[in-house]
Amino acid sequence: MRKRIIYALAARRALFTIALVLLASLEALGCTVIIVAASATKDGRPLLFKNRDSSSAFMVEMRVENGGGFKHMAQYALSDGTWMGPWGGFNEEGFCIVNTLSYNFSGAELASMNSQMIDMALRQCKSTADFEQLIDGLPKPIDVKANYGVIDAQQHAAFYEVGPNGYTKYDVNDPQIAPNGVLVRTNYSLTGDTDRKVGEERWKAAEQFAADAIASDQLDWRYILQKLPRYLMHCNGTNLYATAPATWNDETKTDIDGYIPRHSSTNAMMMQGVKDNESPLLTTCWAMVGPPIATAAVPLFLTPNSILPQKAMANGGNAWLCEKGQQLKAVIFPYSENTTKNIDLSKLYNREETGILQRILKIEEEIIERGNNLITDTRQWGTVSEESLTDYYVWLDNYLEQEYTRHFDAMISGVSVLTEKDVQPNEWWDIGGRKLKTSGSYRGVSIGRQGKFMR
């Protein structure tokens, strides 16, 4: 009997240890999502942003699906040779959805329907009310434990904490729930076990980010897109921007555990909804098809011919942008021990502004400027011009190839690392793919109504 008790205690200790190890490892599988109500944005359009994390499915692509319901665009991930997902997207009715895995719900241990719920919603739902009906209509219990962020073309915006037996809704338009019109979720639910707050540090960091943006009147789509997935501030007050090394060569081993951008950050997407009087087809998605600290954002629309920039598509393998981003991430995370925690900060961000993130931001500025010009024209027209969008994507694919080559090819190949002074004057391409022989930056460019290149 005594031996049996000892064995039982040992087994319980072993199970408890395994549980602690598993709980500690859950942080590597997290995501960070923020919703901003239309009333809180500068242009009156709701925002839905997701920074996705994964422990293994690093390869991602954007894909258009046109069958079995509403046409939609979504993000998928390659895991063990199989494309999994979707893990977020939007449809032709202006319905947008993303999720974070919630670890503090009981039951639904595999959460095998988390992505299936997104797939069903994109195919079937026009609104948040439709999404609620979808959940209500499923036989219970369902194998789901997730926080779903949703916005629609009627400017509804909400988080749904969904567990095996149903959901709890948090309306971002309700001032009692979201006084500033902003809500954040990471990897636990308010309605779940309060002792298992996986991702609490990221939650606090994202909330501080939003509070600072509101206080400084900067809370808009561009600020969230460019800043939040690269936010180098910890909720404990540590500021990696302030501790940035002087140069690229000043190796600075830095623990990045608990920050929003991490080794497991695979991609990000920002969906900007529409105003009440706008076509849902004007819903805009800005996607980072690869790790956000090493991947430039590109704008995407749903169009009749489902056109996408070639650099964001997998074409049977890994998307070009994602592959380049993963190679650059390896430069930022160079250490064999604690590979998921420690970066060389000098390679990410430094005071001479030659870090990979700083170079990415410079490349991204031109993409956003030209893309935003196209989006502005598109909203004036009331529809997406496939001709203009095609021209923009031709320029975009050429520009990405050119800029990634001159900034990053040497460091990826391991030959040498270029500094900013080594980079030659810019060579720009117009939207028809024609090379412009100019020096320095080329600003003041807009896309005309017929897709023509104008100053």
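Nothing here was measured: the structure is a model prediction, and the numbers come from that model. (Residues numbered from 1 in each chain as written. Predicted model: local features only at pLDDT ≥ 70, side-chain atom pairs only at ≥ 80, totals over all residues. Heavy atoms only, no water.)

A. View of the overall build of the protein chain. When helices and strands are counted, the protein chain shows 9 helices and 20 strands. Expressed as a percentage of the 455 residues in the protein chain, the buried residues total 55%. Of the contacts made within the protein chain by residues no fewer than 6 positions apart, 66% connect residues no fewer than 24 positions apart. As presented, the protein chain carries roughly 18,900 Å² of accessible surface, and 51% of it is formed by carbon and sulfur atoms. (Helix = DSSP H or I, 4+ residues; strand = E, 2+ residues; numbered from the N terminus. Buried < 20%, exposed > 50% of the residue type's maximum accessible area, 1.4 Å probe, protein only. Contact = heavy atoms within 4.5 Å. Areas by Shrake-Rupley, 256 points an atom, 1.4 Å probe, with all protein chains shown as cover.)

B. Main features of the nonpolar core. Among the nonpolar cores identified, the biggest contains 99 residues, and Ile224, Ile356, Ile367 and Tyr404 are the most heavily contacted of them. No other element matches the 10 residues that helix 9 (residues 386–413) contributes to this core. Look past the residues within four positions of Tyr404 in its chain and what remains in contact with it is Ala294, Thr295, Ala296, Trp320, Leu321, Lys324, Leu328, Ile360, Ile363 and Asp409. The next biggest cluster of nonpolar side chains, apart from the first, holds 23 residues, and it includes Ala121, Cys125, Ala146 and Ala158. (Core = buried A, V, L, I, M, F, W, Y, C linked by side-chain atoms within 4.5 Å.)

C. The arrangement of the sheet that holds strand 1 (residues 31–36) in detail. Spatially, the 6 strands line up as an open sheet ordered 11-1-2-13-14-15, and their pairing is antiparallel. Edge positions in the sheet fall to strand 11 (182–185) and strand 15 (298–300), since each has one partner strand and no second. Looking at each pair of strands side by side, their axes are set apart by 15° on average, direction ignored. Of the pairings in the sheet, the one linking strand 1 to strand 11 comprises 4 bridges and is antiparallel in character. Bridging from a neighbouring strand, Val33 pairs with Arg185 of strand 11. Strand contacts of helix 8 (residues 356–381): strand 13 (265–272), strand 14 (284–288) and strand 15, with the helix running at about 165° to strand 14, the strand carrying the most contacts. (Pairing = 2+ DSSP bridges. Axes fitted to C-alpha atoms, helices over the stretch in contact; angles between N-to-C directions.)

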